[in-house]
Amino acid sequence: AELLEEHLGEIRSLRQRLEESICINDCLREQLEHRLSSTARGSGPTSNFYSPGLESTPQLCNENRVLREENQRLQAQLSHASRGEWSKATNCGYS
């Protein structure tokens, strides 16, 4: 009986934490929706940056990934080119 009461107390505690998490989640969702709607209004109807609904999320994630990869590639090229220029300068006696 004591073990059962202990489990019931734990269940009540977990339920309370779950309810608090749901409340926090709802508040955060409302804040996000408000910010997204403000951003959409501020950027105007011709902007492709924001499109309503969650269906655009995978597309935005994919675009983000592609842009990050391109950024890394360009940074590597820049770094390689900078090292090449420095190497040319030192070989020509311009150190």
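Residues numbered from 1 in each chain as written. Predicted model: local features only at pLDDT ≥ 70, side-chain atom pairs only at ≥ 80, totals over all residues. Heavy atoms only, no water.

As annotated in an unreviewed UniProt entry, the protein chain carries the name Myomegalin and comes from Balaenoptera physalus.

Engineer: When you look at the overall build of the protein chain in this model, what are you seeing that I'm missing?
Structural biologist: Scanning the protein chain for helices and strands turns up 2 helices and 0 strands. A total accessible area of about 8,900 Å² is found for the protein chain, and carbon and sulfur atoms account for 56% of it. (Helix = DSSP H or I, 4+ residues; strand = E, 2+ residues; numbered from the N terminus. Areas by Shrake-Rupley, 256 points an atom, 1.4 Å probe, with all protein chains shown as cover.)

Engineer: Teacher, can you tell me more about the confidence of the model for the protein chain here?
Structural biologist: Atomic detail in the predicted coordinates should be set aside for any region of low pLDDT. Put simply, the protein chain has an average pLDDT of 77, and 72% of its residues get 70 or more. Below a pLDDT of 50 lies the segment residues 46-51, which in the model reaches 5 contacts outside its immediate sequence neighbourhood of four places, other chains included. (pLDDT = per-residue confidence, 0-100. Contact = heavy atoms within 4.5 Å.)

Engineer: Help me understand the pattern of salt bridges, please; the structure alone is not making it clear to me.
Structural biologist: Oppositely charged side chains may form a pair once their charged atoms are brought near each other. The final tally for this structure, using the stated rule, is 3 salt bridges. Where Arg-15 meets Glu-19, a salt bridge forms, and the shortest distance between an N and an O atom there is 3.0 Å. Linking Arg-15 with Glu-19, this pair stays in helix H1 (residues 2-43), spanning 4 residues, or about one helical turn. Its salt-bridge partner being Arg-29, residue Asp-26 comes within 3.1 Å of it at the nearest N-O pair. Here Arg-29 and Asp-26 lie together in helix H1, a separation of 3 residues that amounts to about one turn. Assessed through its relative accessible area of 34%, Asp-26 is described here as partly exposed. When its relative accessible area of 40% is taken as the criterion, Arg-29 is described as partly exposed. (Salt bridge = Lys/Arg side-chain N within 4 Å of Asp/Glu carboxyl O. Buried < 20%, exposed > 50% of the residue type's maximum accessible area, 1.4 Å probe, protein only.)

Engineer: Got a minute to help me understand a negative patch on the surface in this structure?
Structural biologist: A grouping of Glu-2, Glu-5, Glu-6 and Glu-10 is seen on the molecular surface, where their side chains present a negatively charged patch. Tracing the sequence through the fold places Glu-5 in helix H1. We classify Glu-5 as exposed; its relative accessible area is 61%. (Patch = residues over 30% accessible without salt bridge, like charges linked within 9 Å, V, L, I, M, F, W, Y side chains within 5 Å. Lys, Arg positive; Asp, Glu negative; His and termini not counted. Charge placed at Lys NZ, Arg CZ, Asp CG, Glu CD.)

Engineer: What exactly am I supposed to notice about a nonpolar patch on the surface here?
Structural biologist: Together, Leu-4, Leu-8 and Ile-11 make up a nonpolar patch on the protein surface, roughly 290 Å² of accessible area in all. With respect to the helices and strands, Leu-4 occurs in helix H1.

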